[in-house]
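# Summary of structural features
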Amino acid sequence: VQLVESGGGLVQTGGSLRLSCAASGNIVSPNSLDWYRQAPEKQRELVATITSAGSTDYADSVKGRFTISRDNAKSTAHLQMNSLKPEDTGVYYCNVRHYYAVIGAVDYWGKGTLVNVSS
């Protein structure tokens, strides 16, 4: 199973980016999917969540600016980021926690994609 993020880059304040997370293996459709980010010298933080039913939740810092979505048929998820601010800078990771009958929960992470918002 692999998760691969893409879509990061350098953008000016107020700009937009659309991140993608592509998964191999059938782990996306039955599970919630999260986007996390980690700014330099800071802990990783949860940014957005989408459940298997499509319910969403966001960190207060990104509400109204970010939108998480998923395409189960393509095993992909996206994070549309608008009105970007310098404090949104960081490495963005997608995460899926898959539950196996025998071994229980396993967390899958991608290697991340860098978002750099210039002021």
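Residues numbered from 1 in each chain as written. Predicted model: local features only at pLDDT ≥ 70, side-chain atom pairs only at ≥ 80, totals over all residues. Heavy atoms only, no water.

### Some words on the overall build of the protein chain
Counting its regular elements, the protein chain contains zero helices and eleven strands. Written out in order from the N terminus, the α and β elements of the protein chain read β-β-β-β-β-β-β-β-β-β-β. Over its C-alpha atoms the protein chain spans a radius of gyration of 14 Å, differing by no more than 12% from the 14 Å that the globule rule assigns to 119 residues. Overall size of the protein chain, expressed as C-alpha extent along the three principal axes, is 50 × 25 × 25 Å. Taking all 119 residues of the protein chain together, the buried fraction comes to 40%. Expressed as a percentage of contacts within the protein chain between residues at least 6 apart in sequence, the contacts between residues at least 24 apart total 53%. Total accessible area on the protein chain stands at roughly 6,400 Å², and carbon and sulfur atoms take up 48% of it. Placing the 11 positive and 10 negative side-chain charges of the protein chain at their respective mean positions leaves the two points 3 Å apart. (Helix = DSSP H or I, 4+ residues; strand = E, 2+ residues; numbered from the N terminus. Rg over C-alpha atoms; globule rule 2.2 N^0.38 Å. Buried < 20%, exposed > 50% of the residue type's maximum accessible area, 1.4 Å probe, protein only. Contact = heavy atoms within 4.5 Å. Areas by Shrake-Rupley, 256 points an atom, 1.4 Å probe, with all protein chains shown as cover. Lys, Arg positive; Asp, Glu negative; His and termini not counted. Charge placed at Lys NZ, Arg CZ, Asp CG, Glu CD.)

### Examining the sheet that holds strand β7 (residues 66–71)
Read across the open sheet, the four strands follow the order β1-β3-β8-β7; overall the sheet is antiparallel. The open sheet is flanked by β1 (3–6) and β7, the only strands paired with a single partner. Strand-to-strand twist of the sheet, defined as the mean angle between neighbouring strand axes without regard to direction, takes the value 15°. Sheet analysis places β7 next to strand β8 (residues 76–81), joined by six bridges and oriented antiparallel. If you follow Ser69 over to β8, its bridge partner there is His78. (Pairing = 2+ DSSP bridges. Axes fitted to C-alpha atoms, helices over the stretch in contact; angles between N-to-C directions.)

### Concerning the state of the cysteines
Under the counting rule described, the total for this entry stands at one disulfide. Covalent S-S linkage joins Cys21 and Cys94, the inter-sulfur distance amounting to 2.1 Å. What sets the handedness of the Cys21 and Cys94 disulfide is the S-S torsion sign, and at about 60° it is right-handed. On the criterion of sequence distance, the pair formed by Cys21 in strand β3 (residues 17–23) and Cys94 in strand β9 (residues 90–100) is long-range, its members being 73 residues apart. (Disulfide = S-S within 2.5 Å.)

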